[in-house]
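Examination of the molecular architecture
The chain contents come next:
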Amino acid sequence: MEDNTPVNPENTSPLGENENTSETPPPSPTLSKETKEIENVASKVAQVKAELSKVLVGQTELIDLLLIALLSGGHTLIEGVPGIAKTLTAKLLSQALSVDFSRIQFTPDLMPADIVGTNVFNMKNSEFEFKPGPLFGNVILIDEINRAPAKTQSALFEVMEEYQITIDGKTYPLKQPYMVLATQNPIEQEGTYKLPEAQLDRFLFRIIITYPGYEDEVAILQRFKQDFNMSLKNEVKPVLSPKELATMKATVENVKIEDSVLEYIAKLTTQTRQHPDLFLGASPRASINLLKSAKASAALSGRTFVTPDDVKRVMQPVMNHRLILSPEREMEGFDINDVLDEIIKDIEVPR
């Protein structure tokens, strides 16, 4: 008997649907080398933040800016009243980075040799030997930097700009990474020395931190209600080696930036030199630091390119310690950040 069943050449069901309903998913797009490198930076930064959050409550902006400064190869001046974790944050950051940490308490009687080191005569071999000071480290915390006289502060100029120390005609290069974190109290002025403009200009950022909010205050009390000695600090583990950090800094350096954003940075910097409310504008070093930190900000956000928002994000901490208000505006109680906000509004944002 002949089979009259119609042949279905497409192997479909009577309803016209393909019996083999399982479809091979399309291949996932291959990530570029740049994207993978940026993702690695964002991942490592997240690990560092996770370690710091074991102890610190809030302070997210401070931590972000410190990491941006670290990836930019810059130094940071942290300004705030006592007791708001300026020193603690710096110590924990170095702890998470697995690098050498030095802490120097600046005082009025501190001399340059106390921090850079000195040559000491060895009686055994009748030769001078160099004994390095606390500036020979990786992360250097300088507490109350404005308490030391100008002679001692000037010893930091070569260190912060050229990453080397010259003593008795011999130059000693410093280990990388190298970062100076300095603190100062804006309230207490007795027994302090104003930092010279040349030294202020060597800081990438000046970060101004304030008291925590109510919710953060409660969270701080909850975290340490049974930990008077802050033993939680011992739980912060190193998650980033100097070699990994060097790779991350190279990745940040390769972040793309359009010419229009470069011109935006130049316009912002130039405007500080022409603004009627400012006596002193920003130097080319400021615009270069704005470029570096904007690239690091983009990398922290997981992007391979810089946007104008990255520039705006770092504008205040990069500029606020480099500018001087005109005498009239200073007498009227103007704040330098208000002038910076006005400049940002006045300059057209590139599309």
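These numbers were taken from a predicted model, which means no experiment stands behind them.

About the cut-offs
- Residues numbered from 1 in each chain as written.
- Predicted model: local features only at pLDDT ≥ 70, side-chain atom pairs only at ≥ 80, totals over all residues.
- Heavy atoms only, no water.
- Pairing = 2+ DSSP bridges.
- Helix = DSSP H or I, 4+ residues; strand = E, 2+ residues; numbered from the N terminus.
- Axes fitted to C-alpha atoms, helices over the stretch in contact; angles between N-to-C directions.
- Core = buried A, V, L, I, M, F, W, Y, C linked by side-chain atoms within 4.5 Å.
- Buried < 20%, exposed > 50% of the residue type's maximum accessible area, 1.4 Å probe, protein only.
- Contact = heavy atoms within 4.5 Å.
- 1 Å grid on protein atoms, 1.4 Å probe; cavity = no way out; pocket = protein on both sides within 12 Å on 5 of 7 lines; lining within 4 Å.
- Points joined across faces, edges and corners; volume = space filled by probe spheres on them.
- Nonpolar A, V, L, I, M, F, W, Y, C, P; charged D, E, K, R; others polar.
- Expected span 1.5 Å × (residues − 1).
- Arc of directions from axis to C-beta.

**Details of the sheet that holds strand 5 (residues 139-143)**
Read across the open sheet, the five strands follow the order 2-5-8-1-9; overall the sheet is parallel. On the outer flanks of this sheet lie strand 2 (101-105) and strand 9 (205-208), each paired with one strand and no other. Across the sheet, the axes of successive neighbouring strands diverge by a mean angle of 20°, strand direction being ignored. With four bridges joining them, strand 5 and strand 8 (residues 179-184) adopt parallel strand pairing.

**What to know about the nonpolar core**
One finds Leu 71, Phe 205, Val 311 and Met 319 to be the most contacted residues of the largest nonpolar core, which totals 71 residues. Among the elements that line this core, the one with the most residues is helix 2 (residues 60-72), at nine residues. The residues touching Leu 71, leaving out its near neighbours within four places in the chain, are Val 41, Val 45, Leu 245, Met 248, Lys 249, Val 252, Ala 296 and Leu 300. Grouped together as the second largest cluster of nonpolar side chains are 26 residues, Ile 104, Ile 115, Ile 140 and Ala 155 included.

**Regarding empty space enclosed by the protein**
Rolled over the atoms, a probe as big as a water molecule pinpoints where empty space is left. Within the structure shown, the criterion is met by two cavities of 30 Å³ or more. Counted as a void, the largest cavity has a volume near 40 Å³. Lining the largest cavity, in full, are Glu 34, Glu 37, Ile 38, Thr 251, Asn 254, Val 255, Lys 256 and Thr 304. Element by element, the count of residues in the lining of the largest cavity is highest for helix 1 (residues 33-52), at three residues. Classifying every residue of the lining of the largest cavity gives two nonpolar, three polar and three charged. Around the second largest cavity sit Val 45, Val 48, Leu 67, Leu 70, Leu 71, Leu 240, Leu 245 and Met 248, which together line it. Of all elements in the fold, only helix 1, helix 2 and helix 9 (242-253) reach the threshold of two or more residues within the lining of the second largest cavity. When residues in the lining of the second largest cavity are grouped by element, the largest group, three residues, is from helix 2. Grouping the amino acids of the lining of the second largest cavity by side-chain chemistry returns eight nonpolar, no polar and no charged.

**Overview of helix 1**
In a regular helix each residue adds 1.5 Å, so 20 residues correspond to 28 Å; helix 1 covers 29 Å between its end C-alpha atoms and thus fits that length. Of all the residues in helix 1, the buried ones are Ile 38, Val 41, Lys 44, Val 45, Val 48, Glu 51 and Leu 52. The buried residues of helix 1 occupy an angular sector of 145° when the element is viewed end-on, so they sit on one face. On its buried face, helix 1 sits against helix 2, helix 3 (86-97), helix 9 and helix 11 (284-300).

By themselves, these figures tell us nothing about what the structure is for.
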